[in-house]
Amino acid sequence: MHRSEKSSPPMNTATPYVPAQPRSVHRSSRSDLPGRVTVAVYAADPVLRVGVVQQLRSRPEVDLLDDADAERAQTSLVVVDSVDDDVAALLHRLRHNTATRAGLVVGTLGPGALQRVIECGVAAVLRRTDADQDRLLHLVLAMANGEGVLPGDLLGKLLTHVGGLQRSALDPRGLSLSTLTTREADMLRLVAEGLDTAEIARKTAYSERTVKNVLHEIITRLQLRNRAHAVGYALRNGLI
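Calculation rules
- Residues numbered from 1 in each chain as written.
- Predicted model: local features only at pLDDT ≥ 70, side-chain atom pairs only at ≥ 80, totals over all residues.
- Heavy atoms only, no water.
- Helix = DSSP H or I, 4+ residues; strand = E, 2+ residues; numbered from the N terminus.
- Buried < 20%, exposed > 50% of the residue type's maximum accessible area, 1.4 Å probe, protein only.
- Areas by Shrake-Rupley, 256 points an atom, 1.4 Å probe, with all protein chains shown as cover.
- Arc of directions from axis to C-beta.
- Contact = heavy atoms within 4.5 Å.
- Polar contact = N/O pair within 3.5 Å; in protein donor to acceptor, adjacent residues only side chain to side chain.
- Pairing = 2+ DSSP bridges.
- Right-handed = clockwise from strand over helix to strand, strands pointing away.
- Salt bridge = Lys/Arg side-chain N within 4 Å of Asp/Glu carboxyl O.

By the naming in an unreviewed UniProt entry, the protein goes by DNA-binding response regulator, NarL/FixJ family, contains REC and HTH domains and is assigned to Streptomyces radiopugnans.

Printed below as a string of structure tokens:
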């Protein structure tokens, strides 16, 4: 990536989930440029941000948004050296923004970092050493099309991790990553009927804490966004 003399303020560490945006990247909206994928770039290091912005600025397929429109971007690129708590907080925030899909451009991924970013809802990962213009564009377009992108070695690690999780945690309980226990299915049915946590607790004779834990386990295991997403997933797959 190229260094530039221009820079923007670094991430505000007091509120790590709201990092600095490009001071002035490109003022536009989706309606102004139909067919182009809108992109927001987040980075603590202004040099890293400028490098990605310069790579994508000239591509007609994308529209780079400034801070005023960043929340409405179809895709969000988080550019970092490594994944720490501040980065994870930002990724969690982006995960709950239904308007965007988040991709990570990262220098190094330490032990356990791949699982962490996937749990944060990251749709695609690209190493910074590979982040030339074509690969960045491919990453953005793939995310906009609902696809995931991982380097081959990271995909292998992910498959190994999933297989290990299946053998160590799920097989002994007669579960798989795509199935529900009877208790989980019963609680999701009640959620589908519009009951809140307290009502589900009374209906099932479990504590409210247990209800929350069970629903959280479903959402985490199936990598879903929230209870509504879990109900929709279960219905589509015939699990309830």
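Draft legend 1. Fine view of the overall build of the protein. The helix and strand tally for the protein stands at 9 helices and 5 strands. Listing the helices and strands of the protein from first to last along the sequence gives β-α-β-β-α-β-α-β-α-α-α-α-α-α. Counting only residues that meet the buried cut, the protein has 42% of its 240 residues in that class. Total accessible area computed for the protein in this model is approximately 12,500 Å², and 50% of it derives from carbon and sulfur atoms.

Draft legend 2. Region of the structure containing helix H2 (residues 85-95). Every buried residue of H2 is accounted for by Val87, Ala88, Leu90, Leu91, Leu94 and Arg95. Angularly, the buried residues of H2 cover 160° about the axis, an arc narrow enough to put them on a single face. The secondary structure elements touched by the buried residues of H2 are strand S1 (37-43), strand S3 (75-80), strand S4 (101-106) and helix H3 (113-119). With a side-chain oxygen positioned 3.2 Å from the backbone nitrogen of Asp86, the residue opening H2 is Asp84.

Draft legend 3. How the structure looks around the pairing of S1. Within S1, 7 of the 7 residues are buried, which leaves the element mostly enclosed by the surrounding structure. Both faces of S1 are covered, namely the face carrying Val37, Val39, Val41 and Ala43 and the face carrying Thr38, Ala40 and Tyr42. Pairing geometry for S1 and strand S2 (residues 62-64), over 3 bridges, is parallel. Considered in S2, the bridge of Val39 is made with Leu64. One crossover worth recording links S1 to the parallel S2 by way of helix H1 (residues 46-57), and it is right-handed. Relative to S3, S1 is paired through 5 bridges, and the arrangement is parallel. Across the sheet, residue Tyr42 finds its bridge partner in S3, namely Val78.

Draft legend 4. Highlighting the pairing of S3. The element S3 is extensively covered by neighbouring structure, given that 6 of its 6 residues are classed as buried. The alternating pattern of S3 places Thr75, Leu77 and Val79 and Ser76, Val78 and Val80 on opposite faces, both of which are buried. With 6 bridges connecting them, S3 and S4 associate as parallel partners. Across the sheet, Thr75 pairs through a bridge with Arg101, a residue of S4.

Draft legend 5. Local environment of helix H9 (residues 227-236). Residues of H9 that are buried include every one of Ala230, Val231, Gly232, Tyr233 and Ala234, and no others. Looking at the buried positions of H9, the neighbouring elements they touch are helix H6 (182-192) and helix H8 (208-221). Where H9 begins, one side-chain oxygen reaches toward the backbone nitrogen of Ala228, 3.2 Å away; that side chain belongs to Asn226. Of the residues flanking the end of H9, it is Gly238, one or two places downstream, whose phi is positive at about 65°.

Draft legend 6. Looking closely at the pattern of salt bridges. According to the stated counting rule, one finds 11 salt bridges in the structure shown. One salt bridge connects Asp81 with Arg128, and the closest N-O pair in it is separated by 2.3 Å. Residue Asp81 is found in the loop between S3 and H2, and its partner Arg128 is found in the loop between strand S5 (124-127) and helix H4 (133-144); the two are separated by 47 residues along the sequence. Relative accessible area serves as the criterion here: at 44%, Asp81 is assigned to the partly exposed category.

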